[in-house]
Amino acid sequence: MATFNYTVDTKPMAQEMSSVSRHVNATTGAVVAMQAAVILAEERAADHVCNNVNKGFYSLIRSQISQKMAKLQSEVDSHLMQLVQQKNALTGIKKRMEKDYNMIAGRYLKLFNGLNVNLKQRVFELDKPTIDFAVKEVDKVSNRAKYLTATIPITQLESLSESQKIVASNIKHRGLNVIKSMRTFLFEMNTQKKLTDQILINDGRYTKTAAVYIPILICECNRDKTDSSIEITISNVELDNLSKSTIKNTAFAVLQKIQWKQQTTPNTEVKSEFSKLVLSSSKSQRVKDLALQLFHSANYQTIQTTKL
């Protein structure tokens, strides 16, 4: 059998394979790089998607909670405004009820006071001697030991010592009143002296003379058939006790020099004030009319405007 030997040159093939191998290696590197880039892109995409999903979820939840809060807040505000309006309405009703109650209570109080006064007067008029005895004479009888201490005790020996004790007690009481009056007088004199020493200034540059008009009220009253007294009332505005005492002493000193003159009609201001007092009184209309009639028919005397 014939044998044929052939020599095949594989160098070109080896070169081509080497070239293919380099391209395969480059392709392998590119695939690996692409795979890494794809993995990184997928990871970034996954993170981006997760972040967006989480952000959207939390935004949705927050939006729903905000909407519920706004809804509930509006409901609370509306209920609060309604409660405030109801409170104001109840407060107004309360004030109106208090005003009506006070008005009705005052009206009925005035009515019942008038009825009480009228009934008291009518009951007193039913048996006037008995009422006068029970109201006036019983007190005198009960206090006869005090009112009749100056009478000569003509009694038995057993009651003589008691009467003498009563007389001695009355004398001691009057003596105590005299001592108190003396003490008050000395105290006021001492106070006046101290106050005078404090306000006096030796330098004449600081002294000033001025006239001040102070109104006073002089009242003469008869407490019983044998006792008559004169009282002087002074205003308490801007006056101390020393000034009041000085004004009273001066007024008492000039009482004998005061001259009175007859006046047919009262002063307009006095008439107006008396009419106001009568109208505001709780007495019956008959009593008011009688008081006005007596006031208009009375005689008046006023002090002559002369320098004392």
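Residues numbered from 1 in each chain as written. Predicted model: local features only at pLDDT ≥ 70, side-chain atom pairs only at ≥ 80, totals over all residues. Heavy atoms only, no water.

When helices and strands are counted, the protein chain shows seven helices and four strands. Reading the helices (α) and strands (β) of the protein chain from amino to carboxyl end gives α-α-α-α-β-β-α-β-α-α-β. Per element, the accessible surface of the protein chain, about 28,000 Å² overall, is 60% carbon and sulfur. (Helix = DSSP H or I, 4+ residues; strand = E, 2+ residues; numbered from the N terminus. Areas by Shrake-Rupley, 256 points an atom, 1.4 Å probe, with all protein chains shown as cover.)

To continue, consider a nonpolar patch on the surface. There is a patch of nonpolar side chains on the surface, built from M103, I104, Y108, L111, F112, L115 and L119 and spanning about 680 Å² of accessible area. Within the fold, F112 resides in helix α1 (residues 11-126). When its relative accessible area of 47% is taken as the criterion, F112 is described as partly exposed. (Patch = residues over 30% accessible without salt bridge, like charges linked within 9 Å, V, L, I, M, F, W, Y side chains within 5 Å. Salt bridge = Lys/Arg side-chain N within 4 Å of Asp/Glu carboxyl O. Buried < 20%, exposed > 50% of the residue type's maximum accessible area, 1.4 Å probe, protein only.)

Below, the discussion takes up the packing of helix α6 (residues 268-279) against helix α7 (residues 285-297). Relative to each other, α6 and α7 sit at 165°, their axes nearing to 10 Å. Relative to α7, the element α6 is oriented roughly antiparallel. Considering only the axes of α6 and α7, their crossing is right-handed. Judged by residue contacts, V270, K271, F274, V278 and L279 of α6 engage K288, A291, L292, F295 and H296 from α7. For the contact of α6 with α7, the residue count by class is seven nonpolar, one polar and two charged. (Axes fitted to C-alpha atoms, helices over the stretch in contact; angles between N-to-C directions. Parallel < 35°, antiparallel > 145°, perpendicular 65-115°, else oblique. Left-handed = near helix turned anticlockwise from the far one by under 90°. Contact = heavy atoms within 4.5 Å. Nonpolar A, V, L, I, M, F, W, Y, C, P; charged D, E, K, R; others polar.)

The next thing to look at is the layout of surface pockets. Empty space left among the atoms is revealed by rolling a probe the size of a water molecule over them. The calculated volume of the second largest pocket comes to roughly 210 Å³. Every residue lining the second largest pocket is listed: Q263, P266, N267, V270, Y300, Q301 and T302. Here the lining of the second largest pocket gets three residues from one element, more than from any other, and that element is strand β4 (residues 300-303). Grouping the amino acids of the lining of the second largest pocket by side-chain chemistry returns three nonpolar, four polar and no charged. (1 Å grid on protein atoms, 1.4 Å probe; cavity = no way out; pocket = protein on both sides within 12 Å on 5 of 7 lines; lining within 4 Å. Points joined across faces, edges and corners; volume = space filled by probe spheres on them.)

Attention now goes to the packing of aromatic side chains. Applying the stated rule across the entire model yields three aromatic pairs. Ring geometry for Y108 against F112: centres 6.3 Å apart, planes inclined by 25°, an arrangement best described as stacked. Of this pair, Y108 and F112 both sit in helix α1, separated by four residues, roughly a single helical turn. On the basis of relative accessibility, which here comes to 45%, the residue Y108 falls in the partly exposed class. A centroid spacing of 4.2 Å and a plane angle of 10° characterise the contact between F274 and F295, whose relative ring orientation is stacked. One end of the pair, F274, is in helix α6; the other, F295, is in helix α7, with 21 residues separating them in the sequence. You can call F274 partly exposed: its relative accessible area is 25%. Judged by relative accessible area, which is 13%, F295 ranks as buried. (Phe/Tyr/Trp six-rings, centres within 6.5 Å; stacked < 30°, edge-to-face > 60°.)

Averaged over every residue, the pLDDT of the protein chain is 79; the share at 70 or more is 84%. Per-residue pLDDT, averaged within each element of the protein chain, yields its smallest value for helix α3 (residues 144-147) (59) and its largest for α7 (87). (pLDDT = per-residue confidence, 0-100.)

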